[in-house]
Amino acid sequence: MRKAFITGITGQDGSYLAEFLLSKGYKVYGMIRRSSVPKLDRILHLEKDIELISGDLMDESSLIKAIELTKPDEVYNLAAQSFVPASWEQSILTGKITGLGVTRMLEAILMVNRNIRFYQASSSEMFGNVHETPQKETTVFYPRSPYGVAKVYGHWITVNFRESYNLFACSGILFNHESPRRGLEFVTRKVSMGVAMIKMGMADKLKLGNLDAKRDWGFAGDYVEAMWMMLQQKKPDDFVIATGETRSVKELVEIAFKRVDLKWEKHIVLDKSLLRPAEVHELRGDSSKAIKQLGWKPKVTFEGLVNMMVDSDMDKLKGIDKDKIRELS
Ligand code: NAP
Ligand code: F7E
C-alpha cells in the first residue's frame, strides 16, 4: 500500500486530495497544527480512514518526526497562509509559513528519505502583474502581494532542491480553484454564501471590493487529481493547472444571483476598504503541457462551479440555527 503525507489536510484542497488518494488505495496521513478548538470540519467524514499527525510548518523538528513516523512515498505540501489580503497584514508570518515552510519540509525529506516524491502547491499569484497572456510554465513571475512573493520563494526552492539533490520534487502552478469547501473569505464563497443568505432573508446586501478583477477559476476536485498525476511521472517537472478561461467578479456575481432568481444590482455594495494595496487584475492559464504530458483536463465548467457552490450554501442554510448564521456572516 502506498503512503501519502499531506500538510494542509484541514484546508479545501487537503480534504479533496485525501478523498482522492483514499480512492486510489493510499494510506493517507495528514498533518494538523495544535488549536484550542478542532478545525476538522472538512475532513470529519474521512476521520476513520485517515491518520492525523501533529505538526507545524514553522517547526522543523515536528516535520522530521512526522516523516520518520509515517514513512510516506509521497508528500503533498499544501499548508500555507493562503489568503492574499492577510499577507499584507502578516507579511513576515506569511513569508515564514508559505515561503520558508517549503524549505523546512524539503530539509526534513532530505534528512529522512531522499526517495520521497514531493509536491509543492505553487500559485498563479506568482505571475501577478502578468508579462504575457496566457501564462505558462516559462512566463516570468511578477508577484503583487507578500503571499505571491512567498510562493515564488517556495517555487524556486522546490526547483533548487530538485536540481541540487536530485529530489523528485514538482511544483504545481495552480490557478484559482474553488468548491463548496472554499474558505468563506475568498470571493467565490463570499458570493455564494452571500447570495444564499439574501435569498433566505438573512441579509440584504453583499459588500465586495471590486467587480472588475478577472480570474481563471476551476473546481478544486479536478485540480487535486493533477497534483497526484505530477508525482506519477517518470521525471519530476513543473506544470500550470488552469481552465484557460477568464471570468470577472461581475460575471461570478451575475451567475450566482441568477441561480436563485435575484437581481444582483439591488444587493451588491462596493466597499473601498476591501480593495488591495496592489491588485492582480487578470489571470488566464495555459495548461497545454499538463494536458499533453499528464493527460489532465478540467471537467467542471465555471457556471457548473458557481451553481454547485450556491446550491450547497442554500442547503447549508436551510438546516442552520440563527447563532451559526451570525458566525458565518
Ligand atoms: P486553505 O483552505 O487556506 O488551507 C490551508 C491549510 O494550511 C490549512 O489546512 C491550514 O491549517 C494549513 N496551515 C496554515 N498554516 C500552517 C502552518 N503553520 N503549519 C501547518 N499547516 C498550516 O488553502 P487551499 O485553498 O486548500 O490551498 C492549498 C494550497 O494551495 C495552499 O498552499 C495555497 O496557498 C495553494 N494554492 C491555492 C489555490 C486556490 O485557488 N485554492 C491556488 C493556488 C495555490 P488550519 O486549518 O489549521 O488553518
Ligand atoms: O480574490 C477580488 C480580489 O480572495 C479573487 C487564493 O486561493 O487564488 C486565491 O487568491 C479576486 C481578487 O482569491 C472581493 O481583489 C473583489 O482580484 O478569492 P480571492 P485570490 O486573491 O485570487 C490564488 C491562486 C491563491 O494562490 C490564493 O491562495 O476577487 N475581490 N471583491 C474580492 N476578493 C475577496 N476575497 N473579497 C472581496 O470582497
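The shown structure was predicted, so the numbers you read here are calculated from the model rather than taken from an experiment. (Residues numbered from 1 in each chain as written. Chains lettered and ligands numbered in written order. Predicted model: local features only at pLDDT ≥ 70, side-chain atom pairs only at ≥ 80, totals over all residues. Heavy atoms only, no water.)

**Points about the sheet that holds strand 1 (residues 3–7)**
Item 1. Judged by pairing direction, the sheet is parallel, and its seven strands sit side by side in the order 3-2-1-4-5-6-11 without closing on themselves. On the outer flanks of this sheet lie strand 3 (50–54) and strand 11 (239–241), each paired with one strand and no other. Pairs of neighbouring strands in the sheet enclose a mean axial angle of 25°, with direction left out of account.
Item 2. Contacts from helix 7 (residues 220–231) reach strand 4 (74–77), strand 5 (117–123), strand 6 (168–174) and strand 11, with the element oriented near 155° to strand 6. (Pairing = 2+ DSSP bridges. Helix = DSSP H or I, 4+ residues; strand = E, 2+ residues; numbered from the N terminus. Axes fitted to C-alpha atoms, helices over the stretch in contact; angles between N-to-C directions. Contact = heavy atoms within 4.5 Å.)

**Structural notes on the site of ligand 2**
Item 1. Taken together, 23 residues sit near ligand 2, with S82, S123, Y147, R276 and E279 positioned nearest.
Item 2. In the environment of ligand 2, a nitrogen atom lies 2.9 Å from a nitrogen or oxygen atom belonging to the backbone of E185.
Item 3. A distance of 3.5 Å separates a nitrogen atom of ligand 2 from a polar backbone atom of N210.
Item 4. Burial of ligand 2 by the protein chains amounts to 95% of its free accessible area of 700 Å².
Item 5. The residue inventory of the shell around ligand 2, partitioned by class, reads nine nonpolar, six polar and eight charged.
Item 6. Residues lining the shell around ligand 2 come from more than one domain, with at least three contributed by each of domain 1 (3–177 + 217–241) and domain 2 (183–216 + 245–283 + 300–328). (Near = heavy atom within 4 Å. Polar contact = N/O pair within 3.5 Å; in protein donor to acceptor, adjacent residues only side chain to side chain. Areas by Shrake-Rupley, 256 points an atom, 1.4 Å probe, with all protein chains shown as cover. Nonpolar A, V, L, I, M, F, W, Y, C, P; charged D, E, K, R; others polar. Domains from an automatic or database assignment.)

**Comments concerning the domain arrangement of the protein**
Item 1. Domain assignment breaks the protein into domain 1 (3–177 + 217–241) and domain 2 (183–216 + 245–283 + 300–328).
Item 2. The centre of domain 1, based on its C-alpha atoms, is set 27 Å off from the matching centre of domain 2.
Item 3. Counting residues at the interface gives 20 residues for domain 1 and 24 residues for domain 2.
Item 4. Between domain 1 and domain 2, the buried area comes to about 1,900 Å², and carbon and sulfur atoms account for 64% of it.
Item 5. By the criterion of area lost to domain 2, the three top residues of domain 1 are F83, R144 and W217, representing 42% of everything that side buries.
Item 6. The residue E125 makes a salt bridge to R215 at a minimum N-O spacing of 3.8 Å.
Item 7. On inspection of domain 1 and its partner domain 2, the count reaches two residue pairs in polar contact (both at pLDDT 80 or more). (Buried area = accessible area lost by both parts, 1.4 Å probe. Salt bridge = Lys/Arg side-chain N within 4 Å of Asp/Glu carboxyl O.)

**Quick notes on the packing of aromatic side chains**
Item 1. Inspection of every chain in the model, using the stated rule, returns ten aromatic pairs.
Item 2. Each ring, one from Y76 and one from Y119, has its centre 6.1 Å from the other, and the planes form 40°; the classification is tilted. Residue Y76 is located in strand 4, and its partner Y119 is located in strand 5; the two are separated by 43 residues in the primary sequence.
Item 3. Since its relative accessible area comes to 0%, Y119 is described here as buried.
Item 4. Within the aromatic cluster, the residues linked to one another by ring pairs are F127, F141, W156 and F175.
Item 5. One Lys or Arg, R181, reaches over the ring of Y16 and ends 4.0 Å from the middle of that ring. (Phe/Tyr/Trp six-rings, centres within 6.5 Å; stacked < 30°, edge-to-face > 60°. Buried < 20%, exposed > 50% of the residue type's maximum accessible area, 1.4 Å probe, protein only. Lys NZ or Arg CZ within 6 Å of the ring centre and 35° of its normal.)

**A look at the nonpolar core**
Item 1. Within the largest apolar cluster, 63 residues are counted, with the highest numbers of intra-cluster contacts made by I6, L21, Y76, Y119, M230, I241 and V253.
Item 2. Considering every element that reaches this core, the biggest residue donor is helix 7, with nine residues.
Item 3. Residues from two domains meet in this core; each of domain 1 (3–177 + 217–241) and domain 2 (183–216 + 245–283 + 300–328) gives at least three.
Item 4. Ignoring anything within four residues of it in the chain, the contact list for Y119 reads V75, Y76, N77, L78, C170, G172, L174, M227, M230 and L231.
Item 5. Judged by nonpolar contacts, the second largest core, of 24 residues, contains F5, M31, L57 and I109. (Core = buried A, V, L, I, M, F, W, Y, C linked by side-chain atoms within 4.5 Å.)

**Looking at the site of ligand 1**
Item 1. Around ligand 1, the structure places 26 residues, and the nearest of them are T10, D13, D56, S82 and Y147.
Item 2. Contact between ligand 1 and D13: an oxygen atom at 2.8 Å from a main-chain N or O atom of the residue.
Item 3. Within the side chain of R182, an N or O atom sits 3.2 Å from an oxygen atom of ligand 1.
Item 4. When ligand 1 sits alone it has 900 Å² of accessible area, and the protein chains cover 90% of it.
Item 5. Broken down by element, the shell around ligand 1 gets its largest block of residues, three residues, from strand 5.
Item 6. Partitioning the shell around ligand 1 into residue classes produces eleven nonpolar, nine polar and six charged.

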